Amino acid sequence: MEKKRQNPVKLIIIGCVLAALIVGFYFYLANKTRENTSEDAAAMTKSQQVLLRNLENNYPPSPREVLKYYCDIIQCLYNETHTDEELEKLAKQIQLLYDDEFVANQTEELYLLNLAGEIADMSKNDMKISSYSTSSSTDVEFFKQDNFEWARLYCMFNIRKGTQILTTTERFLMRKDDAGHWKIYGWELAE
């Protein structure tokens, strides 16, 4: 019996079709994973997204970035409804941005009580923080005093009350700690 020789053109075509199927299946799986990831991120509340940040490994590198993260947490606190557990987690997360001296001024229980009261007042008055704007990085004022490095910067909050937009500007003071992290030392209404 004589063996039939395979046509090389036929083998090349079959090989190309198989390769195309494998590549197509790979891209299908890759895009399906991306869609699931984006759907999961969309399903998370802003509070949940904010709480995912691990400040031990991913602390904001500059005073401006600390202030932006602080404002993101503030928006979550005042704009969303939370369980007591979520409120406590957000409060603990924001306290990680505060200077140790600032945190020591009141107990954690008193801080949570005051925070819950402020949130209830904002909600009762139908007020939400619609947006914020921080100082540009060139407008941050750095100085040294009492063997510490300090930074002063501003943040403008747009607060929606019903159909009105109210604007308030606050001046923040930050101090660099021993680990090199900028911590919020305090704030006040700017003139």
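See above for the structure.
Attention here is on the structure that accompanies the text. Note that the structure is predicted; figures quoted are calculated from it, not measured. (Residues numbered from 1 in each chain as written. Predicted model: local features only at pLDDT ≥ 70, side-chain atom pairs only at ≥ 80, totals over all residues. Heavy atoms only, no water.)

## So, the overall build of the chain
Across its full length, the chain carries six helices and five strands. Walking the chain from its N terminus toward its C terminus, one meets helices and strands in the order α-α-α-α-α-α-β-β-β-β-β. On C-alpha atoms alone, the chain measures out to a radius of gyration of 27 Å, which is more than a quarter above the 16 Å that the 2.2 N^0.38 rule sets for 191 residues. Reported as C-alpha extents along the three principal axes, the dimensions of the chain are approximately 100 × 45 × 30 Å. (Helix = DSSP H or I, 4+ residues; strand = E, 2+ residues; numbered from the N terminus. Rg over C-alpha atoms; globule rule 2.2 N^0.38 Å.)

## Focus: unusual backbone geometry
A positive phi angle, close to 55°, is found at Asp146, a residue other than glycine. Relative to the elements of secondary structure, Asp146 occurs in the loop between β2 (141-145) and β3 (148-161). Asp146 sits in the exposed class, given a relative accessible area of 60%. One non-glycine residue, Asn147, lies in positive phi territory at about 65°. (Buried < 20%, exposed > 50% of the residue type's maximum accessible area, 1.4 Å probe, protein only.)

## Points about the environment of Thr81
Considering the arrangement of structural elements, one finds Thr81 in the loop between α3 (63-79) and α4 (84-95). With 67 residues separating them in the primary sequence, Thr81 and Phe148 have C-alpha atoms 38 Å apart.

## A few points about the pattern of salt bridges
Throughout the structure, instances matching the rule amount to ten salt bridges. Here Lys68 makes a salt bridge to Glu65, at a shortest N to O gap of 3.7 Å. With Lys68 and Glu65 both in helix α3 and three residues apart, this pair spans about one turn of that helix. By relative accessible area, which is 26% here, Lys68 ends up partly exposed. (Salt bridge = Lys/Arg side-chain N within 4 Å of Asp/Glu carboxyl O.)

## Observations regarding the packing of aromatic side chains
This model, assessed by the stated rule, comprises twelve aromatic pairs. Here Phe102 and Trp187 contribute two aromatic rings whose centre-to-centre distance is 5.4 Å and whose plane-to-plane angle is 50°, an arrangement assigned as tilted. Of the two residues, Phe102 is situated in helix α5 (residues 100-103) and Trp187 in strand β5 (residues 182-189); the sequence distance between them amounts to 85 residues. Here Trp187 falls in the partly exposed class, since its relative accessible area comes to 34%. Pairwise contacts between aromatic rings join Tyr70, Tyr98, Phe102, Tyr111, Phe172 and Trp187 into one cluster. Above the face of the Tyr69 ring, Arg53 is positioned so that its terminal group lies 4.9 Å from the ring centre. (Phe/Tyr/Trp six-rings, centres within 6.5 Å; stacked < 30°, edge-to-face > 60°. Lys NZ or Arg CZ within 6 Å of the ring centre and 35° of its normal.)

## Notes on the environment of Asp72
Mapped onto the fold, Asp72 is located in helix α3. The spacing of Asp72 and Val50 is 22 residues in sequence and 7.3 Å in space, taken between C-alpha atoms.

## Quick notes on a nonpolar patch on the surface
Together, Val9, Ile13, Ile14, Val17, Leu18 and Leu21 make up an exposed nonpolar region whose accessible area comes to about 570 Å². Considering the arrangement of structural elements, one finds Leu21 in helix α1 (residues 8-43). Among the residues examined, Leu21 registers a relative accessible area of 57% and is labelled exposed. (Patch = residues over 30% accessible without salt bridge, like charges linked within 9 Å, V, L, I, M, F, W, Y side chains within 5 Å. Areas by Shrake-Rupley, 256 points an atom, 1.4 Å probe, with all protein chains shown as cover.)

## Observations concerning the packing of α4 against helix α6 (residues 108-124)
Any two packed helices are characterised by the angle at which their axes cross and by the distance between the axes. Two elements in contact, α4 and α6, have axes separated by 11 Å at closest approach and are oriented at 110°. On the basis of the axis angle, α4 is roughly perpendicular to α6. Regarding α4 and α6, the two cross each other, and that crossing is right-handed. The residues of α6 that touch α4, namely those facing Leu87, Glu88, Ala91, Lys92, Ile94 and Gln95, are Glu108, Tyr111, Leu112, Leu115, Ala116 and Ile119. Across the contact of α4 with α6, the residue classes break down as eight nonpolar, one polar and three charged. (Axes fitted to C-alpha atoms, helices over the stretch in contact; angles between N-to-C directions. Parallel < 35°, antiparallel > 145°, perpendicular 65-115°, else oblique. Left-handed = near helix turned anticlockwise from the far one by under 90°. Contact = heavy atoms within 4.5 Å. Nonpolar A, V, L, I, M, F, W, Y, C, P; charged D, E, K, R; others polar.)

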